[in-house]
Amino acid sequence: MTTAPWRDPALSAAARVDDLLSRMTLAEKVAQLYGVWVGAATDGDGVAPHQEQMNTDYDWDELITLGLGQLTRSFGTAPVNPALGAQALARAQRRIAEAGRFGIPAVAHEECLAGFTAWGATAYPVPLAWGATFDPELVEEMAGRIGRDMRSVGVHQGLAPVLDVVRDPRWGRVEETAGEDPYLVGTIGSAYVRGLESAGIVSTLKHFAGYASSAGARNLAPVRAGTREFADVTLPPFEMALREGGARSVMAAYTETDGVPASADPQLLTGLLREQWGFTGTVVADYFAIDFLRTLHRVAGTPAESAHLALAAGIDVELPTLKCYGKELVAAVQDGTVAESLVERAARRVLLQKCELGLLDEDWAADTPTESIDLDSAENRAVARRVAEESVVLLANPDGVLPLSPDTRIAVVGPRAADALAMLGCYSFPSHVGTQHPEVPMGIEIPTLLDALRGELPDAKVTFTEGCDVSEPDVSGFEEAVARAREADVCVAVLGDRSGLFGRGTSGEGCDVADLALPGVQGALLDALVETGVPVVLVLLTGRPYALGRWDGQLGAAVQAFFPGEEGGPAVAGVLSGRVNPSGRLPVSVPRGPGGQPWTYLQPPLGLAGEVSNLDPTPLYPFGHGVSYTAFEWSDFQGNDVIGTGTKIGTDGSYDVSVTVRNAGDRAGAEVVQLYLHDPVASVTRPDVRLIGYRRLELEPGESRRVTFRFHADLSAFTDRTGRRVVEPGALELRLATSASDVRHTAHLTLTGPVREVGAERRLHCGTEVSPTPCPTPGGRRPQPPASA
């Protein structure tokens, strides 16, 4: 028996795919370019708007005779036992392979934004909580566990991470991002990619690009970002996740920028992504986005025209189901409207990735699981607990009300205290799909904060009342809430969001808000509790920051948790009891007032407070802020901290800054040392400060660690007036800080030499080194590597 060259694993992937394409008909090539969503609603009751309009009727048995590119959400569409789901997926793959001439299965993809979006799978904290950890290593470990669970049931591709940078916190999908800073988003996102890819899952970066910059924070609204904002804020996390993470897929964004939809933008999806950045993987459409070129953007008149625009731009795969890349595309190629080379280009990319995944091999089929599958193991829950604990941010504790005394009287008040779903973002399975199936058990154990607090403090007298709903205007519960507070030594007010989709929540996709006031009447409830005179500990379980200036100086303490996942209740309760020393840092600023938005900390001078406007946008709590139960001392700073002393490096040079951090308290804790760049004079306006490095230090009582940041001039690069990314000569300040506004030490540098243009090889990441004891070296300088190093 002779094996066709495309089946021969000894040949290169390119040779195998070339041979396979030479044997395929046009229709068979096109069949590799779309997915099918089995079981998706067509009656108007789907997860998303337009879903019922976009789903196409097809004959499954006939369709798969041509082959199939992707299978959409076999686990994430409805509750299914993991073992039974894996068996069903394996059967579907065998049918696909047996029906086609070449025996090639589909790529199975799933959502994995806050864990594998499947019934019974671990619900991890949302990405905004990942950002709050400032701990890429832990995020990578978490992603590896997510990826291994997905592979265990036959999934190949994960639609995560989201690398959008928050530009307006009113946007509903803030919870899905890692924060408002591109360096934080890029480093956390790259870590997630590495973890997912290490498990053999194709990581899909989304949403490329500009989606979070939609006007007025409205989902899918046009993007009006300038070219430099796009280049210097929006794009760097994607570039970092490709270069330092190794992502193999990218999802095009729904939005348009300056009139051009991302899904029809060849300069973005081909010129930048492939020709400049060298990306060789697959570009997939966001769900229904290709036909949205016709129905929403109105830049195409027919499905075939939408297909032509998307293919020409560089979208290889239509998701989630067949609409534009089927018979209409075949007919358009046959009549000469669409060049067959575009189909060939996309099919080659898809098949190369299938080859990488082993799906072109004769022995591609995995064993069908016959036993139960545990997607929420004890090991998973332990990692989920660690991420949750590290992500909790203690905003304020001015009078030491926290930790709570073990035998105190506690009135727990608020609509989020006794609801397990208060812990979950909108892409966790119980919130995303489970709410549509109330007859089905949740599938995982999610302790509420109320139950967890009672477990943490068994000797405390704990009472509870909701006080109000998350979003409804009913205030009838205020009287009981105030009464319970007056009877207690301390009141724990647990307020926040209900995650949902498209207006079914206060946070989540399509749940945008007009301002940053607490939802519903929760602010009025907090007012009533504060007026009792009993110390109030505010606990926020949210998907975005909310304005807290109204209660500045009136609270006993304030704790922020961003949808901390299934182990979030015990994590937050651990902070309240003192078992957990809080170490989270804000990945987004907390505003003082609900209006005056949008605002993030990446502001040039005229974006800051000043005499030219009566509106002060300065946040109540800045980016990077967080309080601990222990104290940290910073000493032995090494760097030129005197202006004008002449420390100079070239525009391709390096410089080290270091500091020793000591835990001066009596309990273990973590300090996050942050490095910010200030550029006093540049050829275009620059953010007053921006994060360029950070390091989380875990310290025992009395322990010291010395952290050194390896600054390279590439990290000062920005986009100039001509559109080039350059490093300019001139003065710079490197600021070591505990937040964007709390600077501890400043190193003054001068870059010398010519303006230097930098490209895809530039350094994106600030290296750090940690040593257990102080070990200073003279001058803070080290040998300067060549620009290409």
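Scroll up a little and you will see the structure.
Residues numbered from 1 in each chain as written. Predicted model: local features only at pLDDT ≥ 70, side-chain atom pairs only at ≥ 80, totals over all residues. Heavy atoms only, no water.

K.L.:
Help me understand the overall build of the protein chain, please; the structure alone is not making it clear to me.
P.N.:
When you go through the protein chain residue by residue, the secondary structure sums to 21 helices and 27 strands. The C-alpha radius of gyration of the protein chain comes to 27 Å, within 12% of the 28 Å expected for a compact globule of 789 residues. Once the C-alpha set of the protein chain is aligned to its principal axes, its extents read approximately 80 × 70 × 50 Å. Within the protein chain, the fraction of its 789 residues that count as buried is 63%. Residue pairs in contact within the protein chain that sit at least 24 positions apart in sequence constitute 80% of those at least 6 positions apart. Surface accessibility of the protein chain: about 28000 Å² in total, with carbon and sulfur atoms responsible for 49%. Of the side-chain charges in the protein chain, 67 are positive and 101 negative, and the distance between the mean point of each set is 4 Å. (Helix = DSSP H or I, 4+ residues; strand = E, 2+ residues; numbered from the N terminus. Rg over C-alpha atoms; globule rule 2.2 N^0.38 Å. Buried < 20%, exposed > 50% of the residue type's maximum accessible area, 1.4 Å probe, protein only. Contact = heavy atoms within 4.5 Å. Areas by Shrake-Rupley, 256 points an atom, 1.4 Å probe, with all protein chains shown as cover. Lys, Arg positive; Asp, Glu negative; His and termini not counted. Charge placed at Lys NZ, Arg CZ, Asp CG, Glu CD.)

K.L.:
In this structure, what is going on with helix 19 (residues 478–486)? I would like to understand it.
P.N.:
Spacing of three or four residues puts side chains on the same side of an α-helix, whose turn is 3.6 residues. Of the positions making up helix 19, those classed as buried are Phe478, Ala481, Val482 and Ala485. Looking down the long axis of helix 19, one finds its buried residues gathered within 95° of arc, a one-sided arrangement. In the core, the buried residues of helix 19 are packed alongside strand 11 (409–413), strand 12 (461–465), strand 13 (490–496) and helix 20 (522–530). (Arc of directions from axis to C-beta.)

K.L.:
Just to check I follow, could you spell out the sheet that holds strand 26 (residues 756–757) for this structure?
P.N.:
A sheet is described by the order of its strands in space; here 3 strands give the open sequence 22-23-26, paired in antiparallel fashion. In this open sheet, the two edge strands, each paired with only one partner strand, are strand 22 (718–719) and strand 26. When strand 23 (residues 725–727) meets strand 26, the two strands line up antiparallel, connected through 2 bridges. Each residue of the ladder has a partner; that of Val727, found in strand 26, is Arg756. (Pairing = 2+ DSSP bridges.)

K.L.:
Help me understand the packing of helix 7 (residues 136–152) against helix 16 (residues 378–391), please; the structure alone is not making it clear to me.
P.N.:
In a packed pair of helices, the relevant descriptors are the angle between the two axes and the axis-to-axis distance. Contact geometry for helix 7 and helix 16: axes closest at 10 Å, N-to-C directions at 150°. For helix 7 against helix 16, the interelement crossing comes out left-handed. Contacts between helix 7 and helix 16 involve Leu138, Glu141, Met142, Arg145 and Asp149 on the former and, on the latter, Glu379, Asn380, Val383, Arg386, Val387 and Glu390. Among the residues forming the contact of helix 7 with helix 16, the class breakdown is 4 nonpolar, 1 polar and 6 charged. (Axes fitted to C-alpha atoms, helices over the stretch in contact; angles between N-to-C directions. Left-handed = near helix turned anticlockwise from the far one by under 90°. Nonpolar A, V, L, I, M, F, W, Y, C, P; charged D, E, K, R; others polar.)

K.L.:
When you look at the side chain of Asp19 in this model, what are you seeing that I'm missing?
P.N.:
Along the chain, Asp19 falls in helix 1 (residues 13–23). A distance of 2.9 Å separates the side chain of Asp19 from the side chain of Arg23, its partner in a polar contact. Here Asp19 is in contact with Ala4, Pro5 and Trp6, once residues within four sequence places are set aside. (Polar contact = N/O pair within 3.5 Å; in protein donor to acceptor, adjacent residues only side chain to side chain.)

K.L.:
What am I meant to see in the packing of helix 13 (residues 303–313) against helix 14 (residues 327–334) here?
P.N.:
Where helix 13 meets helix 14, the axes come as close as 9 Å, and the angle between the chain directions of the two elements is 75°. Taken as axis vectors, helix 13 and helix 14 run roughly perpendicular relative to one another. Along the contact surface, helix 13 presents Pro303, Ala304, Ala307 and Leu311, while helix 14 presents Glu328, Leu329 and Ala332. In terms of residue class, the contact of helix 13 with helix 14 is built from 6 nonpolar, no polar and 1 charged. (Parallel < 35°, antiparallel > 145°, perpendicular 65-115°, else oblique.)

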